[in-house]
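Observations on the three-dimensional arrangement
Listed below are the residues making up each chain.
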Amino acid sequence: MLFEAAVTPIVRLLSVVLLLVIAGASSAAFGEQATPVPSPATASRVVVLSGDRLTIADIVEIAEGRAAIAVSADGMERIRLARGVVDRYINQGLPAYGITTRYGADFKTTLPPAAMKRFGRINIIQEATRVGCRSSPRGPCAQHGRCSSTASHAASQAQAPTWSRRWWSG
Amino acid sequence: MNTNAVPENVEYGNSMGHADLTANAQAAMSLLADPNFELKAGEATNLLTHNFISVALAAQVVRRAQALLRAQETALALTMEGFRANLTPLRQVGSRQDSSGSQESVRKDIQALLKGSRLWESGGPRQLQDFLSLRHGIHILTALRLKLDQNVPVLESFANSNQRSPVVIVGTQELISVPDYDTSQVTLGMDGLRQALGVVAIGSNSRGLKMVSHPFIDLPSGLVAGDPDAFDGIYTRNITYTMTSLARAALMETTPVLLLTESYMAEGDEDYSPAFPNSILMAQKLVGLVEKVSTLEALIGSVAIERRVRSGA
């Protein structure tokens, strides 16, 4: 039986969070008045994330604050089981690309668990490169008309040498 | 998330790398800043390598396009009523197959909108043949409907799929590499949707122009009572300039981007995945512009109806 990667639902939740950011943002990005996103806490509908039944209508309802979300019990169990497999790879030092190894040309380099956590953190920071003021729909750029210097930007610059080694991460 | 605690500093579009890579990383930064969040080994890869943001934004575009289709059907019905169009396009004559049912759907919507119209009465005043964008209006909207019908299941499949590697197989306790993050299908779908929206803009603009232009229509140009400078109709030049400008601006957002791919030169997804966000960003602008064109067409159609009611024509 094929299960999704261990933290897939977490990523999906995160994606929906981002939707809330961007939902009222597309209009702002094109010089229109952004519509405030209502709080999902007041939504009467709850979309249960199970991993296989999310519809376009659900996504829009969540993004526009008309539905709250929950994770199904079955979904949480799948996360637990899948994470157990990941933990086995980590604890036994088995090679798994991007899980126990580094990326790209460094894919043969395996790291101990503590180093992998630090590597993951660094990887997030270095990938958080900014792409320009005008592309930030709800952030400081749109609100104040200027770019803000962020830790992610500085960190990405600092990590430039490792960035270049990710030339084939596919 | 249900309390609307969302990261504020996330940018989207033009990411080098996996389509949503930069936005994913910026969102993950907010997690790293949370003292209660612990990043476990292996989680960074999953937080970064997916395209759920793009899929979700594409879903919003599709929903807006679905609403736009309904608005366009209304505008077309108003134009048909205002022009006193022939209703032959609403007849199923069997000369064209409609395997998807998309044309039948549009036809039924228009029939419902025109329910009770005098256009259904036999022997009413008709021109022998209406102008082309009016005759083809239903087919143009059918193209949009078809693209939406095709796009929805593909997008929903992506929304319910794992888009990253590796994948866990619990049964055999394995982690395997599965390159399921290619976005060609959804990019192609979004490109096709934009093409269909572009044709809708062309048709709507053309109908609007001809509705205010005698002798395409039997009413005076500008739909005025007689004096071309009167303000009781639609001042022809302004509204046609506006509609055409909007339609042209819309067409600028229809260029397909799937093939703007640097291919696999770098042996990674870095070079082509950004096409999906680019197509979505263009679609967002495009839908907004076509909404405006549709509104103006509906306005013109309504004024034409009013002119006929007032004059008893």
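Residues numbered from 1 in each chain as written. Chains lettered and ligands numbered in written order. Predicted model: local features only at pLDDT ≥ 70, side-chain atom pairs only at ≥ 80, totals over all residues. Heavy atoms only, no water.

**A closer look at the overall build of chain B**
How we decide: Counting from the N terminus, the helices are DSSP H or I runs at least four residues long and the strands are E runs at least two residues long. Each residue is placed in one exposure class: buried if its accessible area under a 1.4 Å probe, protein chains only, is under 20% of its type's maximum, exposed if it is over 50%, and partly exposed if it falls in between. By definition in these notes, contact holds between two residues if any of their heavy atoms fall within 4.5 Å. Accessibility throughout is a Shrake-Rupley quantity obtained with a 1.4 Å probe, and a residue counts as covered only by protein chains that appear here.
Along its length, chain B carries nine helices and two strands. Counting from the amino terminus, helix and strand elements in chain B follow one another as α-α-α-α-α-α-β-β-α-α-α. Put simply, chain B has 313 residues, and 54% of those count as buried. Of the contacts made within chain B by residues no fewer than 6 positions apart, 79% connect residues no fewer than 24 positions apart. By element, 56% of the accessible surface of chain B is carried by carbon and sulfur atoms, the whole surface being about 13,400 Å².

**Some points on the overall build of chain A**
In terms of regular secondary structure, chain A is built from eight helices and two strands. Its helices and strands in sequence order give chain A the pattern α-α-β-α-β-α-α-α-α-α, from N to C terminus. Across the 170 residues in chain A, those meeting the buried criterion constitute 49%. By sequence separation, contacts in chain A at least 24 residues apart represent 45% of the contacts at least 6 residues apart. Accessible surface computed for chain A: about 8,100 Å², of which carbon and sulfur atoms make up 58%.

**So, the packing of aromatic side chains**
All names here are of chain B. Under the convention used in this document: Any two rings among Phe, Tyr and Trp, with Trp reduced to its six-membered ring, count as a pair given centres within 6.5 Å; such a pair is stacked if its planes are under 30 degrees apart, edge-to-face if over 60, and tilted if neither.
Summed over all chains, the structure comprises one aromatic pair over all chains. Between phenylalanine 83 and phenylalanine 131 the ring centres are 5.0 Å apart and the planes differ by 85°, which places this aromatic pair in the edge-to-face class. Of this pair, phenylalanine 83 sits in helix 3 (residues 52–83) while phenylalanine 131 sits in the loop between helix 4 (102–113) and helix 5 (132–135), placing them 48 residues apart in sequence. With a relative accessible area of 2%, phenylalanine 83 lands in the buried category.

**Notes on the confidence of the model for chain B**
All names here are of chain B. Stated precisely, the cut-off is as follows: Scored from 0 to 100, pLDDT records how confident the predictor is in each individual residue.
On average, residues of chain B score 86 in pLDDT, and 87% of them reach the 70 mark or higher. Here helix 2 (residues 43–48) stands out as the least confident element of chain B, with mean pLDDT 86; helix 7 (residues 184–211) is the most confident, with 96. On the interface metric, ipTM, the complex scores 0.84, and its pTM is 0.81.

**Overview of the pairing of strand 1 (residues 45–49) of chain A**
All names here are of chain A. Rules: Strand pairing is defined by DSSP finding a minimum of two bridges between the two strands. Clockwise travel from the first strand over the helix to the second, with the strands pointing away from the viewer, marks a crossover as right-handed.
Pairing between strand 1 and strand 2 (residues 67–71): five bridges, direction parallel. When the sheet's bridge partners are listed, valine 47 is paired in strand 2 with isoleucine 69. For the crossover from strand 1 across helix 3 (residues 56–63) to strand 2, the handedness is right-handed.

**A closer look at the pattern of salt bridges**
Residue and element names in this part refer to chain A. Short version of the rule: For this document, the term salt bridge refers to a Lys or Arg side-chain nitrogen within 4 Å of an Asp or Glu carboxyl oxygen.
The final tally for this structure, using the stated rule, is 19 salt bridges over all chains. Its salt-bridge partner being arginine 66, residue glutamate 64 comes within 2.9 Å of it at the nearest N-O pair. Judged by its relative accessible area of 30%, glutamate 64 is partly exposed. Here the salt bridges share partners, and the residues they tie into one network are Arg45, Asp58, Glu61, Glu64 and Arg66.

**With respect to the confidence of the model for chain A**
Residue and element names in this part refer to chain A. Summarising the model, chain A shows a mean pLDDT of 63, and 52% of its residues fall at 70 or more. Summarising per-element confidence for chain A, the mean pLDDT is lowest in helix 8 (residues 160–163) (28) and highest in helix 3 (92). Considering only residues more than four positions removed or in separate chains, one finds that residues 134–170, a stretch of pLDDT under 50, has 75 contacts.

**Some details on the environment of leucine 197 of chain B**
All names here are of chain B. Mapping leucine 197 onto the fold places it in helix 7. Owing to a relative accessible area of 0%, leucine 197 belongs among the buried residues under this scheme. For leucine 197 and leucine 68, which are 129 residues apart along the polypeptide, the C-alpha to C-alpha distance reads 9.3 Å.

**A few points about the packing of helix 6 (residues 137–159) of chain B against helix 7 of chain B**
Residue and element names in this part refer to chain B. Cut-off, in case you're wondering: Lines fitted to C-alpha atoms define the axes here, with helix axes fitted over just the stretch in contact, and angles between the N-to-C directions of these axes take values from 0 to 180 degrees. Each angle receives one of four descriptions, namely roughly parallel if under 35 degrees, roughly antiparallel if over 145, roughly perpendicular if within 65 to 115, and oblique otherwise. By definition, turning the near helix anticlockwise from the far helix through less than a right angle yields a left-handed crossing, and turning it clockwise yields a right-handed one. Under the scheme applied here, ten amino acids are nonpolar (Ala, Val, Leu, Ile, Met, Phe, Trp, Tyr, Cys and Pro), four are charged (Asp, Glu, Lys and Arg), and all others, including Gly, are polar.
Where helix 6 meets helix 7, the closest approach of the two axes is 9 Å, and the angle between their N-to-C directions is 160°. The orientation of helix 6 with respect to helix 7, classified from their angle, is roughly antiparallel. Considering only the axes of helix 6 and helix 7, their crossing is left-handed. Taking contact as the criterion, the partners of Gly137, Ile140, Leu141, Ala143, Leu144, Lys147, Leu148, Asn151, Val154, Leu155 and Phe158 in helix 6 are, on helix 7, Gln185, Val186, Gly189, Met190, Gly192, Leu193, Ala196, Leu197, Val199, Val200, Gly203 and Arg207. Its residues assigned to classes, the contact of helix 6 with helix 7 comprises 15 nonpolar, six polar and two charged.

**Points about unusual backbone geometry**
All names here are of chain B. With an omega of 15°, the peptide bond running from histidine 214 to proline 215 counts as cis. Tracing the sequence through the fold places proline 215 in the loop between helix 7 and helix 8 (236–251). At arginine 84, a residue that is not glycine, the phi angle is positive and equals roughly 65°. For arginine 84, the position within the fold is in the loop between helix 3 and helix 4. The backbone of glutamine 173 shows a phi angle near 55°, a positive value even though the residue is not glycine.

**Remarks on the environment of phenylalanine 107 of chain A**
All names here are of chain A. By the element assignment, phenylalanine 107 lies in the loop between helix 4 (73–92) and helix 5 (113–127). Of the residues examined, phenylalanine 107 reaches a relative accessible area of 34% and is grouped as partly exposed. In sequence terms phenylalanine 107 and proline 95 are 12 residues apart; their C-alpha atoms lie 9.0 Å from each other.

**Let's talk about the packing of helix 4 of chain B against helix 6 of chain B**
Packed helix pairs are specified by the crossing angle of their axes together with the interaxial distance, meaning the distance between the axes. All names here are of chain B. In contact at an axis separation of 8 Å, helix 4 and helix 6 are set at 125° when each is read in the N-to-C sense. Overall, the two elements helix 4 and helix 6 adopt an arrangement that is oblique. The interaxial crossing formed by helix 4 with helix 6 has right-handed handedness. When helix 4 is examined against helix 6, the residues Ser102, Gln103, Ser105, Val106 and Ile110 are found in contact with a partner set consisting of Ile138, His139, Leu141, Thr142, Arg145, Leu146 and Asp149. For the contact of helix 4 with helix 6, the per-class residue count stands at five nonpolar, five polar and two charged.

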